[in-house]
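Breakdown of the fold
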Amino acid sequence: MTDAVLEVRGLAAGYGPVDVLQDVNLDVPAGKIVGIIGPNGTGKSTLLKTIIGIADKQAGEIRYDGGPLEAVAPHNLIERGIAYMPQGDRVFPDMTVKDNLRVGGYVVDDDRFQEALADVYDLYPVLEEKQDQKASTLSGGQQTMLSFGMALANQPQLILLDEPSAGLAPDLVDELFAQIKRLRDTGMPFLVVEQSVRALLDNCDYVYVIEGGTTVFDGTPGDLRGEEDLMRMYLALEENE
Ligand SMILES: Nc1ncnc2c1ncn2[C@@H]1O[C@H](COP(=O)(O)OP(=O)(O)OP(=O)(O)O)[C@@H](O)[C@H]1O
Ligand SMILES: [Mg+2]
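In what follows, the accompanying structure is described. Keep in mind that this is a model prediction, so the values were computed, not measured.

We now examine the overall build of the chain. On a plain count of helices and strands, the chain comes out with ten helices and ten strands. Projected onto its principal axes, the C-alpha positions of the chain cover 50 × 40 × 35 Å. Sorting the 241 residues of the chain into buried and exposed places 50% on the buried side. For the chain, long-range pairs separated by at least 24 residues make up 67% of all intrachain contacts whose partners lie at least 6 apart in sequence. Of the side chains in the chain, 19 bear a positive and 40 a negative charge, and the two mean positions are spaced by 1 Å.

Structural data, given as structure tokens:
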């Protein structure tokens, strides 16, 4: 696909001698939400980490914005406009909300940061209300908003999200994806790893399934719903959560 902001071809990756990904192929076009699903431990987070350069690429190609994304330091990738929201603990609990956002937006100068900050506060007024409080005083849902705001604070051109719905009540998941879709509609591309099949199928434009470190399925959410065996397996996994 030529209009892809991010293209991954034949990617093998891992950690030093540990092989995790065998053969991953995917495209993230402008203005699309691309979702990734797969069993625990199959390498979904490793894929995002390889893209931003904190896991080791062993073979294959990653292209971003029309050129190869070679092994450059992660902060250089962030300078090139890739934002990353990691899985799990995502904020600095002892720093204020505003300082967390400044850390998230450390690549941009003060003027652009003020612009980004205004956008984040527009999106989440509660973060403005609590800007001088420690992040540890926020609820779980508000910490996810803050983490998402930290990704936005760099005014990125591509956003990688690792399980954004984890730990959120269903209405907050819907709210988060509503924000993601609003940004998608302005042209922002997203690559989203999701554990929640419902969130993935309801909100993504295109879906990849990774199993055993390999992309084994790709299609629209409607296509995936039609794959009865895969759907049975993932819905069973979700019920076990
Ligand atoms: N820093 C690391 N060093 C060595 N092995 C690692 C490291 N991080 C993860 N792994 C291993 O890589 C494999 C894939 O892990 P990864 O976190 O990418 O899976 P995942 O698909 O994101 O799983 P989950 O759904 O639980 O988040 C696992 O076997 C894991 O133990
Ligand atoms: Mg993971």
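Counting residues in each nonpolar core, the largest one holds 47 residues, and the members touching the most others are Leu101, Leu127, Leu146, Phe148 and Phe190. Inspection of this core shows a minimum of three residues originating in each of domain 1 (4-81 + 157-239) and domain 2 (90-155). For Leu146, the residues in contact, after removing those within four places along its chain, are Val91, Val97, Asn100, Leu101, Leu127, Ala135 and Leu138. In this structure, Leu11, Ile51, Ile52 and Leu69 belong to the second largest nonpolar core, which totals 27 residues.

Relative to strand E2 (residues 18-29), strand E1 (residues 4-15) is paired through eight bridges, and the arrangement is antiparallel. Opposite Leu6, over in E2, you have Val28 as the bridge partner. Taking the residues that link successive antiparallel strands as the turn, the E1-E2 hairpin has two residues, and the phi of Gly16 there is positive, at about 55°.

What follows is about the side chain of Ser196. With respect to the element layout, Ser196 can be found in the loop between strand E8 (190-193) and helix H8 (197-203). For Ser196, a relative accessible area of 14% puts it in the buried group. Here Ala199 takes part through its backbone nitrogen, which lies 3.0 Å from a polar atom of the side chain of Ser196. Not counting residues up to four positions away in its chain, the partners in contact with Ser196 are Ser165 and Glu238.

In this section: a negative patch on the surface. A cluster of like negative charges, contributed by Asp109, Asp111, Glu115, Asp119, Asp122, Glu128 and Glu129, occupies part of the molecular surface. Mapped by element, the contributors of at least two residues to the negative patch are helix H4 (110-123) and helix H5 (125-129). Considering each element in turn, the negative patch owes the most residues, four residues, to H4. If you trace the backbone, Asp111 turns up in helix H4. The class of Asp111 is exposed, set by a relative accessible area of 62%.

Let us now look at the packing of aromatic side chains. According to the stated counting rule, one finds one aromatic pair in the structure shown. Between Tyr206 and Tyr208 the ring centres are 5.4 Å apart and the planes differ by 65°, which places this aromatic pair in the edge-to-face class. Lying over the aromatic face of Phe113, Arg102 brings its terminal NZ or CZ to 4.3 Å of the ring centre.

Reading the values: rules and limits
- Residues numbered from 1 in each chain as written.
- Chains lettered and ligands numbered in written order.
- Predicted model: local features only at pLDDT ≥ 70, side-chain atom pairs only at ≥ 80, totals over all residues.
- Heavy atoms only, no water.
- Helix = DSSP H or I, 4+ residues; strand = E, 2+ residues; numbered from the N terminus.
- Buried < 20%, exposed > 50% of the residue type's maximum accessible area, 1.4 Å probe, protein only.
- Contact = heavy atoms within 4.5 Å.
- Lys, Arg positive; Asp, Glu negative; His and termini not counted.
- Charge placed at Lys NZ, Arg CZ, Asp CG, Glu CD.
- Core = buried A, V, L, I, M, F, W, Y, C linked by side-chain atoms within 4.5 Å.
- Domains from an automatic or database assignment.
- Pairing = 2+ DSSP bridges.
- Polar contact = N/O pair within 3.5 Å; in protein donor to acceptor, adjacent residues only side chain to side chain.
- Patch = residues over 30% accessible without salt bridge, like charges linked within 9 Å, V, L, I, M, F, W, Y side chains within 5 Å.
- Areas by Shrake-Rupley, 256 points an atom, 1.4 Å probe, with all protein chains shown as cover.
- Salt bridge = Lys/Arg side-chain N within 4 Å of Asp/Glu carboxyl O.
- Phe/Tyr/Trp six-rings, centres within 6.5 Å; stacked < 30°, edge-to-face > 60°.
- Lys NZ or Arg CZ within 6 Å of the ring centre and 35° of its normal.

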